[in-house]
Amino acid sequence: MTSITILGIESSCDDTAAAVLRGQAGDAKVLSSIVLGQTELHADFGGVVPEIAARAHAEKIDTCVQQALDAAHLSLSDIDAVAVTAGPGLIGGVVSGVMCAKGIALARGIPLFGVNHLAGHALTPRLTDAVAYPFLMLLVSGGHCQFLIVSGPDQFQRLGGTIDDAPGEAFDKVARLLALPQPGGPAIETRAKAGDAKRFKLPRPLLDRAGCDMSFSGLKTAVLRQRDSLMSDGELAARDQADLAAGFQAAVVDVLAEKTRRALDEYAPLSKNPSICVAGGVAANMAIRTALETTAKNFGAKFIAPPLALCTDNAAMIAYAALEQMNTRVPDGMELSARPRWPLDQAAPAMLGSGKKGAKA
Ligand code: KG4
Ligand code: ZN
């Protein structure tokens, strides 16, 4: 396989992204990676509004591609292939990306690869750390939460995931309950530093049930009840706010650490050098990172967290996934369609719930 220059496009949620990579599977360089966020457009609505997201993607996608080409000091004529997120995600956004990629592939006569967004996240440790297959991946973001054994570019076994909210979604909702700003994750992490995590007895959902499935919605409701019992004149005291933030974060940490231990138990016999990798915005949380690192260490597994810019939504991961997959699959034709749902592990039972950022696969 020779080195190729590939353009990646991502528009499945609230980031319009384009990137250019050069190389091949296991050895690729990110020449540019542009992410145009939409946070301010959705700020007044307490979540991503699909119609607003779709319009913003349609407006920005071509300039985003141009910016990625400019940053790589290349033009479209230098591109050998184009990769695009074809799902899962908010359908209006995915359609924008797919149409843009088809236009480029058709105009240039180059191969087109529709990529599963979750495969992009899951294969990122191969781009950043050349991690050997099979490795364990924990995806934790505002829209996703699942454990996957990644055995090849298109071989994913889901060990479990959330049955309701994604952890980032829970951080965002709890931040709202505690009158903290959005995005909730960083706000709660900062506030929790001043709090006493042990003051309130908050639940650790599903720890009493075998397996790797998780639930975060009941924990959020427990925080709501506790908050309501503490409010006076519609106000929450600063001490109570910090203690609730700390208690909530500690509960998420405990759930993720214990479920990670169980996932490692299932996966480790498959690998001589077991590795647990994380991706997604929630992986930025230091308390969570430290707990996962300790869990991995106790297990004798390597812990890998790609740099944050490649952990959160981006198009470099989409271009890279195509580089991995193109050795074992044919390109897509102009019939490539956008898919709102697209489970990575087709054999696993369908997951319940649907996060604010779109259907979980
Ligand atoms: O991966 P991401 O950027 O976007 C998608 O969800 O696709 O993740 C965003 C989520 C938000 O819910 C945000 O609150 C959460 O990641 N997050 C954090 C932290 N930083 C971001 N959650 C906990 N602690 C953090 N430090
Ligand atoms: Zn994502």
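How each quantity is defined
Residues numbered from 1 in each chain as written. Chains lettered and ligands numbered in written order. Predicted model: local features only at pLDDT ≥ 70, side-chain atom pairs only at ≥ 80, totals over all residues. Heavy atoms only, no water. Helix = DSSP H or I, 4+ residues; strand = E, 2+ residues; numbered from the N terminus. Rg over C-alpha atoms; globule rule 2.2 N^0.38 Å. Areas by Shrake-Rupley, 256 points an atom, 1.4 Å probe, with all protein chains shown as cover. Lys, Arg positive; Asp, Glu negative; His and termini not counted. Charge placed at Lys NZ, Arg CZ, Asp CG, Glu CD. Axes fitted to C-alpha atoms, helices over the stretch in contact; angles between N-to-C directions. Parallel < 35°, antiparallel > 145°, perpendicular 65-115°, else oblique. Left-handed = near helix turned anticlockwise from the far one by under 90°. Contact = heavy atoms within 4.5 Å. Nonpolar A, V, L, I, M, F, W, Y, C, P; charged D, E, K, R; others polar. Near = heavy atom within 4 Å. Polar contact = N/O pair within 3.5 Å; in protein donor to acceptor, adjacent residues only side chain to side chain. Buried < 20%, exposed > 50% of the residue type's maximum accessible area, 1.4 Å probe, protein only. Domains from an automatic or database assignment. Buried area = accessible area lost by both parts, 1.4 Å probe. Salt bridge = Lys/Arg side-chain N within 4 Å of Asp/Glu carboxyl O.

Student: Which parts of the structure should I look at to understand the overall build of the chain?
Tutor: From N to C terminus, the chain includes eleven helices and twelve strands. Radius of gyration (C-alpha) of the chain: 20 Å, near the 21 Å computed for a compact globule of 361 residues. Projected onto its principal axes, the C-alpha coordinates of the chain cover approximately 65 × 50 × 35 Å. Of the roughly 14600 Å² of accessible surface on the chain, 54% is carried by carbon and sulfur atoms. Computed over 34 positive and 37 negative side-chain charges, the inter-centroid distance for the chain is 5 Å.

Student: What is the right way to look at the packing of helix 7 (residues 217-230) against helix 8 (residues 238-267) in this model?
Tutor: To characterise two packed helices, one gives the angle between the axes of the helices and the distance between these axes. In contact at an axis separation of 11 Å, helix 7 and helix 8 are set at 165 degrees when each is read in the N-to-C sense. Here helix 7 is positioned roughly antiparallel relative to helix 8, judged by the angle of their axes. Where helix 7 crosses over helix 8, the handedness of that crossing is right-handed. Side by side, helix 7 and helix 8 meet where Leu-219, Val-223, Gln-226, Arg-227 and Leu-230 of the first sit next to Asp-240, Leu-244, Phe-248, Ala-251 and Val-252 of the second. Of the residues belonging to the contact of helix 7 with helix 8, the class tally is seven nonpolar, one polar and two charged.

Student: Explanation requested: the site of ligand 1 in the structure shown.
Tutor: Looking at ligand 1, there are 19 residues lining it, with Gly-142, Asp-172, Glu-189, Gly-281 and Asp-313 nearest. Within the contact set of ligand 1, an oxygen atom lies 2.9 Å away from a backbone nitrogen or oxygen of Gly-281. If ligand 1 stood free it would expose 550 Å²; the protein chains cover 90% of that surface. Among the elements of the structure, helix 5 (167-177) and helix 6 (184-192) are those that each provide at least two residues to the shell around ligand 1. The element that contributes the greatest number of residues to the shell around ligand 1 is helix 6, accounting for four residues. Split into classes, the residues belonging to the shell around ligand 1 amount to five nonpolar, ten polar and four charged.

Student: How do you make sense of unusual backbone geometry when you look at a structure like this?
Tutor: With glycine set apart, most residues show a phi of negative sign, and most peptide bonds adopt trans. Following Gly-87, the chain continues to Pro-88 via a peptide bond in cis, the omega torsion being -15 degrees. If you trace the backbone, Pro-88 turns up in the loop between strand 4 (81-87) and helix 3 (91-108). Of note in this structure, Ala-179 is not a glycine but carries a positive phi near 60 degrees. A residue is classified by how much of its surface remains accessible, and Ala-179, at 67% relative accessible area, is exposed. Phi at Leu-206 is positive, roughly 70 degrees, even though this residue is not glycine. Positionally, Leu-206 belongs in the loop between helix 6 and helix 7. For Leu-206, a relative accessible area of 11% gives the class buried.

Student: Looking at this model, I keep getting lost on the domain arrangement of the chain. Mind explaining?
Tutor: Interface size is commonly expressed as the accessible surface area that is lost when the partners come together. Split by domain assignment, the chain resolves into domain 1 (4-123 + 313-359) and domain 2 (131-309). Note on domain 1 versus domain 2: buried area summed over both sides is about 1900 Å², and carbon and sulfur give 59% of it. Summed over the shared surface of domain 1 and domain 2, the result is zero salt bridges. At the boundary of domain 1 with domain 2, the tally comes to four residue pairs in polar contact (both at pLDDT 80 or more). Listing elements by their share of the side of domain 1 that touches domain 2, those giving two or more residues are helix 4 (117-129) and helix 11 (316-325). Broken down by element, the side of domain 1 that touches domain 2 gets its largest block of residues, six residues, from helix 4. Split by residue class, the side of domain 1 that touches domain 2 holds nine nonpolar, seven polar and four charged.

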